[in-house]
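# Commentary on secondary and tertiary structure
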Amino acid sequence: GGHLLQSAQSSRAEPASFVDILEERRRGSDISHALRAFSPPPGCGAPPPSPSALNKMVLESQHLRYVVAAESGKPQARVREEAAALLDEMSQNLQVTFIRLLGFALSKIFTRLFRRIQVNEDGLARLQQATQEHPVILMPNHRSYVDFLVLSYIMFTYDLSIPVIAAGIPLMGMSLIGEIFRRSGAFFIRRAIGSDKLYWAVLSEYVRTIVRTGFAPVEFYVEGLRSRTLKSLTPKMGMMHMVLEPFLKGEVYDLSLVPVSISYDRVLEESLLAHELLGVPKPRETTRGLLKARRVLEQDYGSMHVYFGNPVSVRELAKGRIGRGQYNLVPRDLPGRPSEESQAFASAAAHRVVRLQERGTVLSPWSLTALLVLQRPDGTRWDLLARDTLWLRGIALQLGARLDWPADLPDLEVMSSSMALHRSVVRCEEGCVWLVEEAGPEPVTQEEGVFRRASAVLMCASYRNQALHVFTRPAMVAVAMGTVPGHSQEDIYRHFCFLRDLFANEFVFVPGCGPQDFEEGCSGLQQCGAVSATDHELKPTEEERDTIVFLSAILEPFIETYQVTGDNCTLLYFSLRNCLSFFPSHFREIFPNSTRNPVTLRRDTEGYLPPTPTCCKLQCPNIYFRQSHCRIHPGSCSPTPLCGPQVATSSPI
């Protein structure tokens, strides 16, 4: 699995030349831009089929015939009608007229919302070349509703084929807007498919047909949903299996996966996302709600960066990892579940794409400042914050981060301008900087005050999260070094692997690439001068000990969260155990639908949580969680605590 992840040395961010596509829009005519000649070269040299022809290909496919024939208890004619209705519900109806209409509207909107939309033109040149050779899968990260709009706008601006976009079905229900999206290339997917075999068959065959023909790029979000924390999410594998299947079954020679990194100085939905994290129900997507939200046009959202990464050849990824000969033994169109081998391959490929998205992310100065602000929630002096932000900028650059830091402006002006963009979250007065509560009507109850304070903290944490991928691996090595009595690389690596398993759902790691992640973390610390390495030892340097302390503090909020969760699980375990021990006669009242014997259930729960603190199941013999502290197991290597004195008090979300 090593070649699925670039080595630590090659993970440094390559210089990218960005161009502001809004500059010309502010000088020129939006109508002329929308009505200009638009004739992108067809993907793979194949003329695009009409939407009705594409739907006919899907309905007449052998794969769908197998599924229709397998549906028992219903007449086949009725099943075919249901399949046709499902296809009408989901299918796109791309029309150039609506692309022009959307292009005109977005020119007006984007020039009001953003100062700049920066695009790397060399990435677009690589994308254009890739579309002529093999089917292309565009895989952007997902942070805002603006994401899919801006990608189509960029493709239209540069005369590239408009992508066919997988969108959530709630957008289809928006009056007028849903139809505009459909005619701009969106096809709609239900959020919960469950065990509906017919829907799954129609959707997978629709996607496979688009990929096979290659007439347009397929765009979908491998993370599944918008990240409400602005942190990368673990990939969802449904669409990934669908787009890879034509290659695995030999229906196409190769596929090009194009990671796209979309970075915002300020996200339009920042307040909405924080409220959702606090339990406020997500508002339903409606046209009326969109019109009521037009006040966002009066605010400044800074700049947006869109980085198109190098196309990743699926054929190259598959070499030595998966044998496609197994698919020659059965008919290609026969429905079936992916094999374990193909599932592992798809998972590794999806995780790699997310990692490439992270490496293409462009950080604003505020992302670095937010990381420091959250470690000083009661406020700090502006001069100290500015000094530490510059220090952190140096570390981030050494770790390979991409930063939007104008070289032609004084550093203090860059930082103060970036912070002013987030005046709803942070304030600087009389030389002091502190987080502010979310604005609202007065007076407020104690609960409302806590809610407003938490909302501001979560918004600040979201922008910190944009930068976490830069520091995660070096920070994990730094924390692991603090748990080892000596400096043995083998022991540090063992503790690193424990943390990697612990945070498997918190950060994105390519499966099977633990050694590469450890090497990347060690290399980053060496770049910062924080450690010196030999063949068998890894030692912190006295000169940069502050760097080790700071990196360890980045992970402390996450570790504390797992500690609290572990404590609560332990309490729940003992409560359940006592309940089953002392009140067996009331078992049926407590669990009326259970078919289990209370004695059997009590015995089976014994294995979940031990009655006394022992090692975590994640194969680290020296670390366990107890009483909100992360300690070394008694009688093990050393009493050195995993975490030093509390530095970070912020939420890990």
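Given the structure is predicted, the values throughout are model-derived calculations rather than measurements.

### Some words on the overall build of the protein
For the protein, the helix and strand inventory stands at 24 helices and 18 strands. Counting all 653 residues of the protein, 50% fall into the buried class. Taking as baseline every contact in the protein between residues at least 6 positions apart, the subset at least 24 positions apart corresponds to 77%. Summing over all exposed atoms, the protein offers an accessible surface of approximately 29600 Å²; the carbon and sulfur share of this is 55%.

### A word on the packing of aromatic side chains
Applying the stated rule across the entire model yields 14 aromatic pairs. On the basis of an interplanar angle of 55 degrees and a centroid distance of 5.0 Å, the ring pair of phenylalanine 38 and phenylalanine 156 is categorised as tilted. Taken together, the residues span a long stretch of sequence, with phenylalanine 38 in the loop between α2 (30–35) and α3 (51–59) and phenylalanine 156 in helix α8 (residues 146–157) at a distance of 118 residues. The exposure class assigned to phenylalanine 38 is buried, which follows from its relative accessible area of 14%. Following the ring pairs from residue to residue traces out a cluster consisting of Phe110, Phe114, Tyr153 and Tyr264.

### A few points about the sheet that holds strand β14 (residues 432–435)
Here three strands make up an open sheet; going across it, the order is β11-β14-β13 and the pairing antiparallel. A strand with exactly one partner marks an edge of an open sheet, and here the two such strands are β11 (380–381) and β13 (426–429). By the bridge criterion, four bridges tie β13 to β14 in an arrangement that is antiparallel. Bridged to valine 426 within β14 is leucine 435.

### A few points about the nonpolar core
Formed by 117 residues in total, the largest nonpolar core has its most connected members in Phe110, Phe114 and Phe471. Of all the elements, helix α19 (residues 446–481) adds the most residues to this core, at 17 residues. Of all hydrophobic cores here, the second largest spans 54 residues; its members include Leu86, Leu203, Phe215 and Val353.

### Side note on the side chain of glutamate 520
With respect to the helices, strands and loops of the structure, glutamate 520 is situated in helix α21 (residues 514–527). Overall, glutamate 520 belongs to the buried group, its relative accessible area being 13%. Of the polar contacts made by the side chain of glutamate 520, one reaches the side chain of arginine 355; its length is 3.3 Å.

### A closer look at the pattern of salt bridges
Evaluated as defined, the whole model comprises 38 salt bridges. In this structure, glutamate 205 and arginine 208 form a salt bridge, with 3.5 Å as the shortest nitrogen-oxygen distance. Placement of both glutamate 205 and arginine 208 in helix α10 (residues 197–213) is noted, with a separation of three residues, approximately one turn of the helix. With relative accessibility at 1%, the residue glutamate 205 sits in the buried group. The shortest N-O distance in the salt bridge between lysine 249 and glutamate 245 comes to 2.9 Å. Residues participating in the shared-partner salt-bridge network are Glu205, Arg208, Arg212, Glu245, Lys249 and Glu251.

### Here we look at the environment of lysine 539
Topologically, lysine 539 is positioned in strand β16 (residues 538–540). It is 9.1 Å that separates the C-alpha atoms of lysine 539 and glutamine 489, two residues lying 50 residues apart in sequence.

### Comments concerning the pairing of strand β5 (residues 186–189)
Residues Ala186 and Phe188 point to one face of β5 and Phe187 and Ile189 to the other, with burial holding for every one of them. Bridge analysis of strand β4 (residues 164–168) against β5 gives four bridges, and the strand direction is parallel. Bridge pairing in β5 places glycine 168 opposite isoleucine 189. Regarding the hand of the β-α-β motif, the stretch spanning β4, helix α9 (residues 177–182) and β5 is right-handed.

### Things to note about the packing of α3 against helix α5 (residues 76–90)
Where α3 meets α5, the axes come as close as 11 Å, and the angle between the chain directions of the two elements is 145 degrees. Crossing hand, α3 versus α5: right-handed. Residues Asn55, Val58 and Leu59 of α3 form the contact with α5, whose own contacting residues are Ala83, Ala84, Leu87 and Asp88. Among the residues making up the contact of α3 with α5, the classes are represented as five nonpolar, one polar and one charged.

### A word on the packing of helix α17 (residues 382–398) against helix α18 (residues 411–420)
With their axes 11 Å apart at the nearest point, α17 and α18 run at an angle of 105 degrees to one another. In this view, α17 runs roughly perpendicular relative to α18, as classed from their interaxial angle. Residues Trp382, Leu385, Ala386, Thr389, Leu390 and Arg393 of α17 form the contact with α18, whose participating residues are Asp411, Leu412, Met415, Ser416 and Met419. Looking at the contact of α17 with α18, its residues break down into seven nonpolar, two polar and two charged.

### Topic: α18
Buried residues of α18: Val414, Met415, Ser418 and Met419, and no others. Along the axis of α18, the buried residues cluster in a sector spanning 125 degrees; they form a single face. Those residues of α18 that are buried lie in contact with α16 (365–373), α17, β13 and β14.

### So, the side chain of histidine 422
Within the secondary structure layout, histidine 422 lies in the loop between α18 and β13. Note on histidine 422: relative accessible area 1%, which makes it buried. Apart from the residues lying within four places of it in its own chain, the contact partners of histidine 422 are Asp265, Arg266, Glu270, Trp366 and Tyr463.

What counts and what doesn't
Residues numbered from 1 in each chain as written. Predicted model: local features only at pLDDT ≥ 70, side-chain atom pairs only at ≥ 80, totals over all residues. Heavy atoms only, no water. Helix = DSSP H or I, 4+ residues; strand = E, 2+ residues; numbered from the N terminus. Buried < 20%, exposed > 50% of the residue type's maximum accessible area, 1.4 Å probe, protein only. Contact = heavy atoms within 4.5 Å. Areas by Shrake-Rupley, 256 points an atom, 1.4 Å probe, with all protein chains shown as cover. Phe/Tyr/Trp six-rings, centres within 6.5 Å; stacked < 30°, edge-to-face > 60°. Pairing = 2+ DSSP bridges. Core = buried A, V, L, I, M, F, W, Y, C linked by side-chain atoms within 4.5 Å. Polar contact = N/O pair within 3.5 Å; in protein donor to acceptor, adjacent residues only side chain to side chain. Salt bridge = Lys/Arg side-chain N within 4 Å of Asp/Glu carboxyl O. Right-handed = clockwise from strand over helix to strand, strands pointing away. Axes fitted to C-alpha atoms, helices over the stretch in contact; angles between N-to-C directions. Left-handed = near helix turned anticlockwise from the far one by under 90°. Nonpolar A, V, L, I, M, F, W, Y, C, P; charged D, E, K, R; others polar. Parallel < 35°, antiparallel > 145°, perpendicular 65-115°, else oblique. Arc of directions from axis to C-beta.

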